[in-house]
Amino acid sequence: MKLKQADSAALKALTHRGRESVRVLRRARVLQLLAEGWTVVGVAEAVGVTETTVRTVRRRYREEGLSAALHEKLRPGAPPIDALEGMKNAPGEHRTQHHTAAERHPA
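Anyway, here's the lowdown on the structure attached to this text. (Residues numbered from 1 in each chain as written. Predicted model: local features only at pLDDT ≥ 70, side-chain atom pairs only at ≥ 80, totals over all residues. Heavy atoms only, no water.)

1. What about the packing of helix H1 (residues 5-17) against helix H2 (residues 22-35)?
Running from N to C, H1 and H2 cross one another at 140°; their axes reach a closest spacing of 10 Å. What the angle tells us is that H1 and H2 run oblique. Once H1 is placed against H2, the crossing between them reads as left-handed. Where H1 approaches H2, its residues Leu11, Lys12, Leu14 and Thr15 are matched on the opposing element by Val24, Leu25, Ala28, Leu31 and Gln32. (Axes fitted to C-alpha atoms, helices over the stretch in contact; angles between N-to-C directions. Helix = DSSP H or I, 4+ residues; strand = E, 2+ residues; numbered from the N terminus. Parallel < 35°, antiparallel > 145°, perpendicular 65-115°, else oblique. Left-handed = near helix turned anticlockwise from the far one by under 90°. Contact = heavy atoms within 4.5 Å.)

2. Topic: the layout of surface pockets
Taken as a whole, the largest pocket spans an internal volume of roughly 250 Å³. In terms of lining residues, the largest pocket is bounded by 15 residues, among which Arg27, Thr53, Val57, Arg60 and Glu72 are the most central. Within the residue set of the lining of the largest pocket, elements represented by two or more residues are H2 and helix H4 (51-64). Counting residues per element, the lining of the largest pocket draws most heavily on H4, at five residues. Counted by class, the lining of the largest pocket contains five nonpolar, three polar and seven charged residues. (1 Å grid on protein atoms, 1.4 Å probe; cavity = no way out; pocket = protein on both sides within 12 Å on 5 of 7 lines; lining within 4 Å. Points joined across faces, edges and corners; volume = space filled by probe spheres on them. Nonpolar A, V, L, I, M, F, W, Y, C, P; charged D, E, K, R; others polar.)

3. Some details on the pattern of salt bridges
One pass over the full model with this rule turns up four salt bridges. Glu72 is the partner of Arg23 in a salt bridge, and the nearest nitrogen-oxygen pair spans 2.6 Å. Taken as a pair, Arg23 in helix H2 and Glu72 in the loop between helix H5 (66-70) and helix H6 (81-85) lie far apart in primary sequence, 49 residues in all. Given the relative accessible area of 34%, Glu72 is considered partly exposed. Counted as one network, the salt bridges with shared partners bring together Arg23, Arg27 and Glu72. (Salt bridge = Lys/Arg side-chain N within 4 Å of Asp/Glu carboxyl O. Buried < 20%, exposed > 50% of the residue type's maximum accessible area, 1.4 Å probe, protein only.)

Laid out in structure tokens, this is it:
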């Protein structure tokens, strides 16, 4: 697999900074090894992921680019925790109050 020159440089910088999640760093390493000519099986064993993961990362890179290959897509269901932060004081929201035992059963 061939990486774009800019993508190769971005991966190198990303893996040297080490400030990304382990998942992102593993996907970056998958792309680097594929670009070096490693087989899917070899990459999977070296990085510690499944062959399916290697193929998925490769396909997403080819079809959607570097960012899509490195980062997970949003999934249906509950919003990410970050999205919930903005909803803390939403109008009409009911909060559950937690009381200590002394507050629930005054003497």
